[in-house]
Amino acid sequence: MAPAAVPLNMKWLPLNSNLKIKSQLQTSSTNLDIERVQLPDKTRNSRVLVLGGTGRVGGSTAIALSNLCPDLRILVAGRNREKGEALVAKLGGNSGFSQVDINDQDSLQIVLQDVDLVVHAAGPFQQAEKCSVLEAAINTKTAYVDVCDDTSYAVRAKSFMNRALAANVPAITTGGIYPGVSNVMAAELVRAAETETEDDKPERLRFSYYTAGTGGAGPTILATSFLLLGEEVIAYSKGEKIKLKPYSGMLNVDFGKGIGKRDVYLLNLPEVRSAYEILGVPTVSARFGTAPVFWNWGMEAMTNLLPSEFLRDRSKVQRLVELFDPVVRAVDGISGERVSMRVDLELSSGRSKVGLFSHKKLSVSVGIATAAFALAILEGSTQPGVWFPEESQGLAIEAREVLLKRASQGTFNFVMNRSPWTIETNPKELGLGIYV
């Protein structure tokens, strides 16, 4: 795939790569065959800083990058030196650890001076007042990607567009699994529909997510979930912005083989706004559900019983996380950590198309997905500026297929642009072999 843009004054050179060599992705509990990315000699030693590298998402990203591109030099950054050095020991000689406080702009800029790309995985992003890592990346002319899953943070990141353009820095916000890969899936469904016919217009886009327990992703994910319960849900209906109660509007969604039908509930997620504004679909919403089912009941109860002001207070939510974390970890050991994303696109003719992504381990899949965005930036597929994944300047249209191929490695069910009945566990037959 040819890069769409080549930054001129970056500290790294754009790459061209091919997916040819197989290797094994090593994790604490599973080995997955993955396609290694071949990099040219002059660029294979690019330096990548993973902030939040001692957490589940950041650690998974560092492992994925190391396995996809063993010659990359990876700097794991976080607050816990013991965890960081343990991870570095697994990654091998091309890695190191740095103790970094993301709230200290001076220390951030010092560590960013010596790297080519920063992956910001130090959540939660909810209720964060500044985009300090993005600002430091722009100041040091360092390429950037984050795994933000908060609407306000993502909008604030986009406000740095002119500064990133002036500094010639390519940056992607919401570049994880969901949002992130799910945005690209939506963009490809819309593009395919618009390519097939000009008359059949996209009318409704629905993001549905399921994760068993916390997906093995740790207390940060738990904090994110609680903080989102304090946010009013923004969705779009026929071009109008509507405000809804969090964890309401339950739908029973079929996630196909290995997952089945699951209840999902409205949450305020950034891909709703970005898909509405960028893809031009007039009706957009996002829902999430978990298992066992009593976790959904608990989330509903928290929304109904606790004031939104309480759920928006990071310190109070952190105390809740500390209270629930031991119980959640115990249940996670039983429920597993399967993850599934279903993206539905309905067209004006009544036709529907669906994309589906299911993996046995969220803690592994999120790292592979985030690493796929990092590699896309290093390959020159991102233009200077701050972009959402579905924007062609953020990820060139011709690079989407490569990203989805990389991100979906290890999935047990990944399909794109199919009719819904082809992926559902119990499709309804109207007769004569016609299903809905």
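Scoring rules and cut-offs
Residues numbered from 1 in each chain as written. Predicted model: local features only at pLDDT ≥ 70, side-chain atom pairs only at ≥ 80, totals over all residues. Heavy atoms only, no water. Helix = DSSP H or I, 4+ residues; strand = E, 2+ residues; numbered from the N terminus. Buried < 20%, exposed > 50% of the residue type's maximum accessible area, 1.4 Å probe, protein only. Contact = heavy atoms within 4.5 Å. Areas by Shrake-Rupley, 256 points an atom, 1.4 Å probe, with all protein chains shown as cover. Phe/Tyr/Trp six-rings, centres within 6.5 Å; stacked < 30°, edge-to-face > 60°. Disulfide = S-S within 2.5 Å. pLDDT = per-residue confidence, 0-100. Pairing = 2+ DSSP bridges. Right-handed = clockwise from strand over helix to strand, strands pointing away. Axes fitted to C-alpha atoms, helices over the stretch in contact; angles between N-to-C directions. Polar contact = N/O pair within 3.5 Å; in protein donor to acceptor, adjacent residues only side chain to side chain. Core = buried A, V, L, I, M, F, W, Y, C linked by side-chain atoms within 4.5 Å. Patch = residues over 30% accessible without salt bridge, like charges linked within 9 Å, V, L, I, M, F, W, Y side chains within 5 Å. Salt bridge = Lys/Arg side-chain N within 4 Å of Asp/Glu carboxyl O.

**Digging into the overall build of the chain**
What the chain contains, in helices and strands, is 14 helices and 20 strands. Going through the 436 residues of the chain one by one, you find that 57% of them count as buried. When contacts within the chain are restricted to residue pairs at least 6 apart in sequence, those whose partners lie at least 24 apart make up 73%. Here the chain displays about 17900 Å² of accessible surface, and carbon together with sulfur accounts for 49% of that area.

**Some remarks on the packing of aromatic side chains**
Within this structure, the stated rule accounts for 9 aromatic pairs. Geometrically, the ring pair formed by F226 and F324 is edge-to-face, given 5.9 Å between the ring centres and 70 degrees between the ring planes. Of this pair, F226 sits in helix 8 (residues 219–228) while F324 sits in helix 12 (residues 314–335), and the two are 98 residues apart along the sequence. Given a relative accessible area of 5%, F226 falls into the buried group.

**Looking at the environment of F373**
Relative to the assigned elements, F373 resides in helix 13 (residues 362–378). Classification of F373 by relative accessible area gives buried; the value is 0%. Spatially, the C-alpha atoms of F373 and I172 are 8.2 Å apart, while their sequence positions differ by 201 residues.

**Here we look at the state of the cysteines**
Considering all chains together, one arrives at 0 disulfides under this definition. No disulfide involves C131; its sulfur sits 7.8 Å from that of C148, the nearest cysteine. Residue class for C131 comes out buried when judged on its relative accessible area of 2%.

**Regarding the environment of E82**
One can find E82 in helix 2 (residues 81–91). Assessed through its relative accessible area of 66%, E82 is described here as exposed. It is 9.8 Å that separates the C-alpha atoms of E82 and F97, two residues lying 15 residues apart in sequence.

**Digging into helix 9 (residues 270–279)**
Those residues of helix 9 not exposed but buried are P270, E271, V272, S274, A275 and L279. Where helix 9 is buried, its residues meet helix 5 (151–158), helix 7 (181–196), strand 9 (202–212), strand 10 (233–237) and strand 14 (283–291).

**Here's the deal with the confidence of the model for the chain**
Chain-level statistics for the chain give a pLDDT mean of 87 and a share of 88% at 70 or above. Note on residues 1–24: pLDDT under 50 across the span, and 90 contacts to partners over four residues away in sequence or across chains.

**Section: the pairing of strand 3 (residues 47–51)**
Of all 5 residues making up strand 3, 4 are buried, and the element is well covered by its neighbours. By the bridge criterion, 5 bridges tie strand 3 to strand 4 (residues 73–78) in an arrangement that is parallel. Residue pairing in the sheet places L49 in a bridge with L75 of strand 4. For the crossover from strand 3 across helix 1 (residues 56–68) to strand 4, the handedness is right-handed. Bridge count for strand 3 against strand 6 (residues 117–120) is 4 bridges, and the pairing is parallel. In the sheet register, L49 faces strand 6, and the bridge partner there is V118.

**Some details on the sheet that holds strand 8 (residues 170–172)**
Judged by pairing direction, the sheet is parallel, and its 7 strands sit side by side in the order 5-4-3-6-7-8-17 without closing on themselves. The open sheet has two free edges, formed respectively by strand 5 (95–99) and strand 17 (385–387), since each of these has just one partner strand. Looking at each pair of strands side by side, their axes are set apart by 15 degrees on average, direction ignored. Relative to the sheet, helix 5 contacts strand 6, strand 7 (143–146) and strand 17, its axis offset from that of strand 17 by approximately 155 degrees.

**So, the side chain of T290**
The residue T290 is located in strand 14 in this model. Residue class for T290 comes out buried when judged on its relative accessible area of 8%. Among the polar contacts listed, one links the side chain of T290 to the backbone oxygen of T211, at a separation of 2.8 Å. Those residues in contact with T290 that sit more than four places away from it in its chain are Y210, T211, A212, G213, Y247, W295 and N296.

**Concerning the nonpolar core**
With 119 residues, the main nonpolar core has L65, L134, V181, L205, F207 and F226 as its most contacted residues. For this core, the leading source of residues is helix 13, giving 13 residues. The residues touching F207, leaving out its near neighbours within four places in the chain, are S182, N183, A186, E271, A275, V284, S285, A286, R287, R342 and V343. One finds V253, V264, V354 and V415 within the second-largest nonpolar core, a separate group that totals 11 residues.

**Some details on a nonpolar patch on the surface**
Nonpolar side chains collect at one region of the surface, where V293, F294 and W297 lie side by side and expose about 320 Å² of accessible area between them. Structurally, the position occupied by W297 is in helix 10 (residues 293–305).

**Some points on the pattern of salt bridges**
One side chain can pair with another of opposite charge once the charged atoms of both are near each other. Enumeration according to the criterion identifies 16 salt bridges in this entry. In this structure, the salt-bridge partner of D116 is R47, at a minimum N-O distance of 2.8 Å. A residue pair is termed long-range when its members are at least 10 positions apart, and D116 in the loop between helix 3 (105–112) and strand 6 and R47 in strand 3 qualify at 69 residues. Between R204 and E346 there is a salt bridge, with its nearest N and O atoms 3.4 Å apart. Separated by 142 residues along the polypeptide, R204 in strand 9 and E346 in strand 15 (residues 339–347) bring together distant segments of the chain. A residue is classified by how much of its surface remains accessible, and R204, at 38% relative accessible area, is partly exposed. Members of the salt-bridge network, linked through shared partners, are E188, R191 and R400.

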